[in-house]
Every structure is written in structure tokens, then in C-alpha cells.
Amino acid sequence: MKYYSTRDNSLQKTSMEVIKQGLSAEGGLFVPESIPAVSMEELSGLLKADYRERAKKILSMYLTDYSSRQLTDCVEGAYSADNFSSPETAPVTELEKGLHVLELWHGPTCAFKDMALQILPYLMTTAVRATGDNKEILILTATSGDTGKAAMEGFSDIPGTRILVFYPQQGVSPMQKLQMVTQEGSNVMAAAVKGNFDDAQTGVKQVFRDEELRDYLDKRGLSFSSANSINWGRLVPQIVYYFSSYLDLVRYNRISLGEPVNIVVPTGNFGNILAAWYAREMGLPVNRLICASNDNKVLADFIRTGVYDKRREFYQTISPSMDILVSSNLERLLYELAQRDDAQVKDWMKQLSYRGFYQIKGEALKRLQSDFWGGSASVEETMASIQDTYQKTGYVMDPHTAVGKWVYDSYRRETGDTDATILVSTASPFKFPADVLKAIQPGSSGSIDPSHVHAKYTEAVYEIKLLEQLAKVSGWNIPKPLQGLQDKEIRHRAVCSREQIREQVIAMIDSQEMR
Ligand SMILES: *Cc1c(COP(=O)(O)O)cnc(C)c1O
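Residues numbered from 1 in each chain as written. Predicted model: local features only at pLDDT ≥ 70, side-chain atom pairs only at ≥ 80, totals over all residues. Heavy atoms only, no water.

Turning next to the domain arrangement of the protein chain. If you check the domain split of the protein chain, you get domain 1 (92–111 + 236–427) and domain 2 (430–486). The distance between the C-alpha centroids of domain 1 and domain 2 comes to 29 Å. Contacts between domain 1 and domain 2 engage 20 residues on the former and 14 residues on the latter. Taking both partners together, domain 1 and domain 2 bury about 1,400 Å²; carbon and sulfur atoms supply 77% of that area. (Domains from an automatic or database assignment. Contact = heavy atoms within 4.5 Å. Buried area = accessible area lost by both parts, 1.4 Å probe.)

Written as C-alpha cells, this is what we have:
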């Protein structure tokens, strides 16, 4: 299978090349030349397979230049029992009749990013070795919180790689920040960017396209790649769990084979839901893809109106990993909606960066609206969703998952659709203990009052106290990777502005060379 760029159909690359490179040189995203089909017989054949076997099957359909042996090694390394606390890797539990929660947070950093970022380093280093490249890969990553930690964890001490992470100084949760600044590994670094996620992402994208900087790296035997979901090597592993969760529902007699389901995805950069769209295109029986936004509802509005308009206020919410106004991966969907017209995609992207908006019409809009349904939840609605679900079922949702649940309830009210539905749970509630506690135990005297606690404790110790409190109230166990964080050394303290990202990259490269 060959890969094109969304902004240049004349490019032809192999999957190893696109995974190594991340983003295409002219700014486009890599896309497969065609979308492979999975038949009902093949689906049925995977019913008894475990997660690793299912992953191997799906990956082999896209990553055709990897050998079967290579894919087996990647999959076995990534989805081992050491890495994932659940034997099913991505278990599905029934929340209420017909609504199933797909838990994607049993990996080492407790968010869904692990599902792809545990395997990406294997895919990347395999590609480097196989293509006889002796360059070291420099992974540059902008994060709204969870990607950064998951990428640092995945690439930590992986030979032949270095990783630099940029996160918005004010835009990540205390737990996300704590996880990142304490990350160990001789090849990892993180810096805070003054601004929001879009500032970090735009700054990083500029660095990617900086010819002079590329030369500078080249001279030092380094080449750029990305661990963001613009990298195709992140997208493919995410297609796997949509198949796997569907198969599990069939296997446990919750649905019959061939029965359509809806899939609800709390969405930010449009990577996760796009993977679901690819699964649907491949033949997975999916009715509607429900795109759930928080107050930054640029995507929900786009699905409803066809106008993508980033000229709006940016809100900081309690679901920070979805605080995004420019959703990079949407470009891959636009490419397909435009019947693979690269010039059209380029034009829309140009309008977005110069005018701040673009509009899709006609067939493209019709298709968007038949595949997707968009809705949003405010901060208050998100809190109500956590509280209501906890009271009715005892299930504790993190704020991102809760946005999904709220939007699903609106979808059901508006459409009357009662098809079985998979709600994607993207993070453990223990990553956001303060807000989750506030929601499930409103006004309780047992909760800690931050105003007088902060004087006494460091942020880390306070955060751990909240974890313990949440465990006590909910009866759930604190995930292992989040235990003991308060005792870890703070290793990453750099702060820079969006304009200083370039300098920061150079400084980080130089300082790593001194080590
Ligand atoms: C990254 C993230 C999202 C958004 O996923 P996208 O692929 O960017 O749409 C949602 N929830 C959590 C917890 C995340 O970490």
C-alpha cells in the first residue's frame, strides 16, 4: 500500500517512510491510497482472537511493507501484560442497557494515548532499521496533556530516538503536568509553552517546516518526526480497538454479528474519531459516529453547519485534552469528503489559516452529516454527567468521557435512536481527581479545601491526597502508574513562549549532546 499527502497526490511513500517522517514536507498529512475492506467472514474469524491477534490483522492491512514477523514483534512488545493492567487490553463494560463503555486507559499513563504510543516507538525503530537509515529520530510533540506523557513513556530510553514535548503552561491538569515533569529517561525532555494548546501546536508545526533547522539537525545526524496523531503510525493502532470492542460485544452476546452500533468519541484533535471512521469505511457495522465536544465546540458546529470557524473564544475547561480549536486530523477526513481532491484541501487549509474559516458544501457536507452527529457539553453539564452516572450506576467517569456521555444522551433524545452504542472512555478518572471528586461528592465535608491545603502541601502531595480521597469515596483502586508520583524528582522545568520554541528545540538538542 502506498501513501499520498492530503495536499499532494503525486507523492508516493511506503508506510515505513510515512511513520518515520510524521508530517509531509508541504504540510499535508499522509493518507493511504485506498481503504482496505474487512468482510463479515474475516470479522467472524477474529471473534476468538485476543487483542494482539486482532491488532496484527488490522495493522497488516495498512502497513504492508512490514513483515509479519516485524508486526508480531511490535504488537507483542506494545500490548504485553506488563504494559496494560487489564488482560483484555481495552475492556468493554455495560454502563446501562445498550450503552457500553470502551475503557482505553489501562496502559502505563492512564489515558487512551497509550493504545497507540506504546506501539509507535516499535513501528518507528523497525522502520528506521529496515530502511537502513542511520539517522537518529527527534520526536517533536505538542500536547494538550495526555499525548506528551504517553509519548515520553513510550520513547523513554528507546535507542536511536530523542523526544521533546511542548505543553501549554496553563492548559494541562495538575496530574498531567506532574506525570510529565517527573518523566525519567536520558532521551526525553519537556517544556511548558506560554499560551494554549493551539499556540503549542502551531509553534511546533512551524518548527517542522523550518528548512534551516532541518539542515541544522541533518548535520547532527538527526531527523524530525512526530508522535502527534498527525503521524499515521498513531492512527492505525487506534482503528484496532474499534474492531476489538465490536467483536467483544458479539462474543459476549450483547449484539449479533452484523448489527450496527453507534460510537461516541470525546473529541479534540479528531484523531480518535477519525480512526473510528476508518473502521466504519473498512466495513465495521457502524451507524453513527457521535462527535462529542466541550465548550470549544468548533467540530460540533462544523458537523451541524459545514462551516469550520476557529474565530472564537478559547475556553479552558475541565476536559483539557479537548481544548482545541484547530483539529489537525480533520484534514484527512476532508480529503476523503472532497473525493481526494488535494487542491481543494489545500485551499480550505489556506482559508483556515488566512481567514480563520472555511465552508464545505454539497456532497461533501451531505456525507459529513450522514456519517457524523455533533454535540457538546459545557463544564456544568460535564460535572452533572459525572455525578448523575455515578449516582445511578456507581461508575466513575473522567471529565472527557463524561462529555461523551452527555452528548450521547442528547443524541438519543434528539434522534430516538436506540441502537447499541459504544462510548469511548479516554482517561482514568484518577487523572482528574479534583473535578471528579467535586462531582461525585458535592459539598461533602470530607473533601479537601484547596485554599488552606495549598499552603501546607506541595502541588504534588496535594494531588496525591486527592487521589486517595477519590479512591476512598468511590471504592475504586488508584491505578499503579499514578501511585508514588509525589516522591519523584522534578526533572523538566523549561518554560518558553510560542516564538521561542525553535530556540528551545536547539537548546534541548545541545544540552542532550552534553550529557
Ligand atoms: C487526546 C484526548 C482526547 C481527544 O482525542 P483526539 O484524538 O485528539 O480527538 C480526549 N480525551 C482524552 C483523555 C485525551 O487524552
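Membership of the largest hydrophobic core comes to 109 residues, with the highest contact counts inside it found for Leu63, Tyr242, Ile263, Tyr358 and Ile360. With twelve residues, helix H11 (residues 232–251) is the single largest residue contributor to this core. What Tyr242 contacts, discounting residues up to four positions off in sequence, is Ile263, Val265, Asn272, Ile273, Ala275, Ala276, Ala279, Leu284 and Val424. Grouped together as the second largest cluster of nonpolar side chains are 43 residues, Trp105, Ile318, Ala377 and Leu482 included. (Core = buried A, V, L, I, M, F, W, Y, C linked by side-chain atoms within 4.5 Å. Buried < 20%, exposed > 50% of the residue type's maximum accessible area, 1.4 Å probe, protein only. Helix = DSSP H or I, 4+ residues; strand = E, 2+ residues; numbered from the N terminus.)

Bringing the sheet that holds strand E5 (residues 99–103) into the picture now. Strand order in the open sheet made by the six strands is E4-E5-E15-E10-E11-E14, with mixed pairing throughout. Strands at the two margins of the open sheet, each flanked by one partner only, are strand E4 (92–96) and strand E14 (372–376). Sheet twist, expressed as the mean angle between neighbouring strand axes with direction ignored, is 25°. Where helix H18 (residues 399–415) meets the sheet, its contacts fall on E4, E5, strand E10 (261–266), strand E11 (286–293), E14 and strand E15 (421–425), and the angle it forms with E11 comes to roughly 125°. (Pairing = 2+ DSSP bridges. Axes fitted to C-alpha atoms, helices over the stretch in contact; angles between N-to-C directions.)

Attention shifts here to helix H14 (residues 330–337). Along H14, eight of the eight residues are buried, which leaves the element largely enclosed by surrounding structure. Every buried residue of H14 is accounted for by Leu330, Glu331, Arg332, Leu333, Leu334, Tyr335, Glu336 and Leu337. Just downstream of H14 lies Gln339, where phi reads positive at about 55°.

Our focus in this paragraph is the packing of aromatic side chains. Under the criterion given, the structure shown has 15 aromatic pairs. Here Tyr308 and Tyr358 contribute two aromatic rings whose centre-to-centre distance is 5.5 Å and whose plane-to-plane angle is 5°, an arrangement assigned as stacked. One end of the pair, Tyr308, is in strand E12 (residues 307–309); the other, Tyr358, is in strand E13 (residues 357–359), with 50 residues separating them in the sequence. Comparing Tyr308 with Tyr358, the two get one shared label, buried. Taking the centre distance of 6.1 Å and the plane angle of 25° together, the rings of Trp348 and Tyr358 count as stacked. Taken together, the residues span a long stretch of sequence, with Trp348 in helix H15 (residues 342–354) and Tyr358 in strand E13 at a distance of ten residues. For the pair formed by Trp348 and Tyr358, the shared burial category is buried. (Phe/Tyr/Trp six-rings, centres within 6.5 Å; stacked < 30°, edge-to-face > 60°.)

Among the six residues in E10, six count as buried, and that is most of the element. Residues Val261, Ile263 and Val265 line one face of E10 and the alternating positions Asn262, Val264 and Pro266 line the opposite face, and both faces are buried. Tracing the backbone out of E10, into helix H12 (residues 271–282) and back to the parallel element E11 gives a crossover that is right-handed. Judged from the three bridges that link them, E10 and E15 form a sheet pairing that is parallel. Each bridged residue has a counterpart across the sheet, and for Val264 the counterpart in E15 is Leu423. (Right-handed = clockwise from strand over helix to strand, strands pointing away.)

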